[in-house]
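Letter by letter, the chains look like this.
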Amino acid sequence: MSVAALRLIRCQRLSTAGPHGVKKAIQWKHLRRVAKVTGAVVLGGCLFITYEVAALDKAMTIDTSAIVQEKYKSYMYLKATPSDRKENLVAELTHKARRELHKAARRFLEMSSKLLLQSIDERLSHLDADPHDVALWVLLKRTQSANQAVRLQAVQELADNHHWQDYQYQTAAQVLDERTAVSLARTPQVDLRFFLPPPALPDLDDGFSAEDGLRQLLASLPQSEVDRCVQYFTSLALRESTESLAAQRGGLWCFGGNGLPYAQSLTSVPSEKVESFCLQALVQHSKVQSHCDNIVASGGLQLLQRVYHLRRDSQKIQRNIVRIIGNLALNDSVHQAIVQAGWLSVLAEMMQSPHVIQASHAARALTNLDRETVTEKYEDGVYILHPQTRGNQQIKADVLFIHGILGAAFKTWRQKDRNTGEEEKDEDDYTECWPKSWLAADCPNLRVLSVEYDSHLSDWMAKCPVENQRKSLAYRSQELLKKLKMAGVGERPVVWVAHSMGGLLVKKMLLDASEDPDMSGLLKNTKGILFYSVPHHGTFMAEYSVNVRYLLFPSIEVRELCKDSPALRNLNENFLNMAKEKEIKVLSFAETLPTTIGPMIKILVVPAQSAHLGIGELIEVDVDHLNICKPEKKNSFLYKRSLRFIQEALQSYINH
């Protein structure tokens, strides 16, 4: 435009120098030139602007197909480089890192949209991606198949492939649905990177602790539909302050007999003890289905996460928390909430614990969450020792372990304790639970369960003012039969293994099952019973002083175990008749050594004549009452003979 103006000014100057006609001709001639130049400039500018707009539009075009799949976003996780290396590499790698990150992000967004929105077969040939990336997305797609066999195979291949990179594990963790994530968590030795960590919890308000949260949660739960002893101790926990709880000497002997330690001063009880006390009450509440919904709605899952991570050094507290999760998982309606609260990563990690008790609690919770391959449900006190993970081995029979008074689902069945004077042996040879370590290896196609009846509540009775009848054989028999039915016991051949009073409980359960049409399968499928020092005819313990007998057995059990008591005699006679009719195989072991009780007392708890049922073989072993069910090693006579009996009783089932 400036050039045209200069020309116009020049024309005007020339026009003043010449005649009028000449000026007019020169003026029109230059006007035409100005018009041409101006038009060219305007047209060129328009073309340039159009080109720039088109180029900018092309550069800013976004493929929105990836956004449609919001839940399938792929995030890039960056790991910090040590400062000394970073200083040397930053100048060289900055540009390259940016370029590669953008390329990788774009590639994953394109792949996710193409593979998850359209058929795989149509698109794989056009993908510009690493073969490992393609394989990952193919397997993730197959986990969503309508065919269960395809889904299970895809999960197994995901777990078996150990060549995934970190970003692939993290991408998969964000894509996995609830069903697939639970399946992976139950896969042996699965890589924990498949699971998202628990969501970050908000900071607690000043002056508000996890202990306060547990008490607040307990206060929000109804007191209906729970055991009266649970009501008693729940109200006690809520009513008393930390200081007054500490001041109650012996007033809290509950939940396993540990209680809260009495504080000689008015100092407060340690928070860990109070938390443990509250968690034991929550365990009982979590057994009531309607209370489970209240626990979840009140933020209980997040609160339990906080306490779990706060008490990582306390296996007992962690077990009780996972025990609560296992009870909650009995209700399908809360499965999604459990997964969203981040419990899968916690349970998968605990499953790989070297401690049998920790792993078994996690296995129970995960099995109750798994509705893909499991139809049974394992209520509180029924633990799976084998198989704890998914496998290809078909289960053909069940072996149930029932402990005695003051026993437990795990400690009763540990290997014999080693004396300090013995020669040091390799720690790898020792097992905390021989049915899980030895029997499962020798008979992999058996399901091995360990049952724990109300030993905790039994200890409560010393202080709980109500419901002493809970200790009776009749009550426990009915309670355990309901739990075993939920676990599917009786649908396959069964062998029972029982120690001490646990053997009396087995006999009572089978007699009760014979009178219940719904439990007829349990009696029909019972193929053998292995008794370890079971007092079929009573025990001399009941004839000793009150202090001694209370040391081993609570009062109700002592009365039921009196030598030649009418109740025991009727139980034994009725069971003998039934066992002979059903041709149930029986093997009994009897102790020959006295059991040391305290520093000065030694008692032969169950003599051989009382340990003999009247049918089957009786074998006397040179051990005491506590060690009769604890083999010294795997090649010991006690274990080898027990194994042989189980295999013979189930021979026609497990060998086919």
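As the structure is a computational prediction, the values presented were derived from the model and not from experiment.

Asker: I tried to follow the pairing of strand β5 (residues 526-532) on my own but got confused; where do I start?
Answerer: Remember that side chains alternate between the two faces of the sheet whenever the strand is regular. Across the 7 residues that make up β5, a large majority, 6, are buried. Bridge count between strand β4 (residues 494-499) and β5: 6 bridges; the pairing is parallel. Residue A498 lies in a different strand from β5, and its bridge partner there is F531. By the bridge criterion, 5 bridges tie β5 to strand β6 (residues 585-591) in an arrangement that is parallel. The residue of β6 that forms the bridge with Y532 is F589.

Asker: Would you mind going over the packing of helix α7 (residues 148-160) against helix α9 (residues 178-185) with me for this structure?
Answerer: Each packed pair of helices is defined by two parameters, the angle between the axes and the distance between the axes. At a closest axis distance of 10 Å, the pairing of α7 and α9 adopts a crossing angle of 55°. The orientation of α7 relative to α9 falls into the category oblique. Helix-helix and strand crossings are classified by hand; for α7 and α9 the assignment is right-handed. Across the interface between the two elements, R151, V155, L158 and A159 of α7 pack against R179, T180, S183 and L184 of α9. Residues that form the contact of α7 with α9 fall into these classes: 4 nonpolar, 2 polar and 2 charged.

Asker: Explanation requested: empty space enclosed by the protein in the structure shown.
Answerer: A probe as big as a water molecule, rolled over the atoms, marks out the empty space that is left. Inspection of every chain in the model, using the stated rule, returns 2 cavities of 30 Å³ or more. T143, R151, L152, V155, R179, T180, S183, E372 and R390 are the residues that line the second largest cavity. Secondary structure elements with two or more residues in the lining of the second largest cavity: α7 and α9.

Asker: Whenever I open this one, unusual backbone geometry confuses me. Can you help?
Answerer: Note on backbone geometry: most residues besides glycine have negative phi, and most peptide bonds are trans. The residue after H386, namely P387, is reached through a cis peptide bond having omega -10°. Along the chain, P387 falls in the loop between β1 (382-386) and β2 (397-402). A positive phi angle is found at S500, which is not glycine, with a value near 55°. When you line up the elements, S500 lands in the loop between β4 and α23 (501-514). On the accessibility criterion, S500 (3% relative accessible area) is buried.

Rules used in this analysis
Residues numbered from 1 in each chain as written. Predicted model: local features only at pLDDT ≥ 70, side-chain atom pairs only at ≥ 80, totals over all residues. Heavy atoms only, no water. Buried < 20%, exposed > 50% of the residue type's maximum accessible area, 1.4 Å probe, protein only. Helix = DSSP H or I, 4+ residues; strand = E, 2+ residues; numbered from the N terminus. Pairing = 2+ DSSP bridges. Axes fitted to C-alpha atoms, helices over the stretch in contact; angles between N-to-C directions. Parallel < 35°, antiparallel > 145°, perpendicular 65-115°, else oblique. Left-handed = near helix turned anticlockwise from the far one by under 90°. Contact = heavy atoms within 4.5 Å. Nonpolar A, V, L, I, M, F, W, Y, C, P; charged D, E, K, R; others polar. 1 Å grid on protein atoms, 1.4 Å probe; cavity = no way out; pocket = protein on both sides within 12 Å on 5 of 7 lines; lining within 4 Å. Points joined across faces, edges and corners; volume = space filled by probe spheres on them.

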